[in-house]
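Coordinate analysis (summary)
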Amino acid sequence: MNKTNTTKQVHNFPLFAFSFVLLLMFTSVANADFTKEGDIVKDSVTKLEWQDDNITDTMGWPEAIEYCENLELGGYDDWRLPNINELKTIIDRSRYNPAIISAFEHTSSNRYWSSTTNEGDHEGAWGVYFYYGYVNGNYKGNDRYVRCVRDGQ
């Protein structure tokens, strides 16, 4: 019987993928400068200003949008619920429980709403689970925490 040696090409994909994920995880943290002024955390890179006055009660998605639109904080009344890309900029995956930038003092290690509706399921919206910093989808009727944002100067 004649055996033929065959070689398989081995790709180092898992190592590449892991390295890429690490790069993505720390990019926003490494390039951002967050400062806390009173009850507001300011991001000097995105120019976003974040609510950090207390941990809100949990609420459904429609109530979260209304809460932010009616918030008056730091002399400003132009607050809104952040979209998922904005909310991801305050994740710090080098930390957990909560996995959020250290400038924030008031954070529950739980799920927070974004204003971004799930494209495949309009009854759902995206959010961040700040225990580990994971992005996940949520049914809009569920109660989640809220952190409002505004466009800074």
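So, a few notes on the structure that sits alongside this text. Small disclaimer: the values here were computed from a predicted structure and weren't measured.

Structural notes on the sheet that holds strand S5 (residues 121-129)
- Strand order in the open sheet formed by three strands is S4-S5-S6, with antiparallel pairing between adjacent strands. At either end of the open sheet lies a strand with only one pairing partner, and these are strand S4 (111-118) and strand S6 (134-139). On average, each strand axis in the sheet is inclined to that of its neighbour by 35°, with strand direction left out of account.
- Taken together, the six bridges between S5 and S6 define a ladder with antiparallel strand orientation. Across the sheet, the residue bridging to Trp 126 is Gly 137, located in S6.
- Across the face of the sheet, helix H2 (residues 61-70) comes into contact with S4 and S5 while running at roughly 100° to S4.

Quick notes on H2
- Of all the residues in H2, the buried ones are Trp 61, Ala 64 and Cys 68. In a view along the axis of H2, the buried residues occupy a sector of 50°, so they form one face of it. Facing away from the buried side of H2 by over 90 degrees, the exposed positions are Glu 69 and Asn 70.
- Contact partners of the buried residues in H2: S4 and S5.

Some thoughts on a negative patch on the surface
- Side chains of Glu 63, Glu 66, Glu 69 and Asp 143 sit close together on the surface and give a patch of like negative charge.
- Within the fold, Glu 63 resides in helix H2.

Digging into the pattern of salt bridges
- A complete count under the given rule lists eight salt bridges for this structure.
- Between Asp 78 and Arg 150 there is a salt bridge, and its shortest N-O distance comes to 2.7 Å. Taken together, the residues span a long stretch of sequence, with Asp 78 in the loop between H2 and helix H3 (84-88) and Arg 150 in strand S7 (residues 149-151) at a distance of 72 residues.
- For Asp 78, a relative accessible area of 38% corresponds to the partly exposed category.
- A salt bridge links Arg 80 to Glu 86, with the shortest nitrogen-to-oxygen separation between them at 2.8 Å.
- We classify Glu 86 as buried; its relative accessible area is 13%.
- If you follow the salt bridges from partner to partner, you end up with Glu 37, Lys 42, Glu 49, Asp 78 and Arg 150 in one network.

Each value, and the rule that gives it
- Residues numbered from 1 in each chain as written.
- Predicted model: local features only at pLDDT ≥ 70, side-chain atom pairs only at ≥ 80, totals over all residues.
- Heavy atoms only, no water.
- Pairing = 2+ DSSP bridges.
- Helix = DSSP H or I, 4+ residues; strand = E, 2+ residues; numbered from the N terminus.
- Axes fitted to C-alpha atoms, helices over the stretch in contact; angles between N-to-C directions.
- Contact = heavy atoms within 4.5 Å.
- Buried < 20%, exposed > 50% of the residue type's maximum accessible area, 1.4 Å probe, protein only.
- Arc of directions from axis to C-beta.
- Patch = residues over 30% accessible without salt bridge, like charges linked within 9 Å, V, L, I, M, F, W, Y side chains within 5 Å.
- Areas by Shrake-Rupley, 256 points an atom, 1.4 Å probe, with all protein chains shown as cover.
- Salt bridge = Lys/Arg side-chain N within 4 Å of Asp/Glu carboxyl O.
- Lys, Arg positive; Asp, Glu negative; His and termini not counted.
- Charge placed at Lys NZ, Arg CZ, Asp CG, Glu CD.

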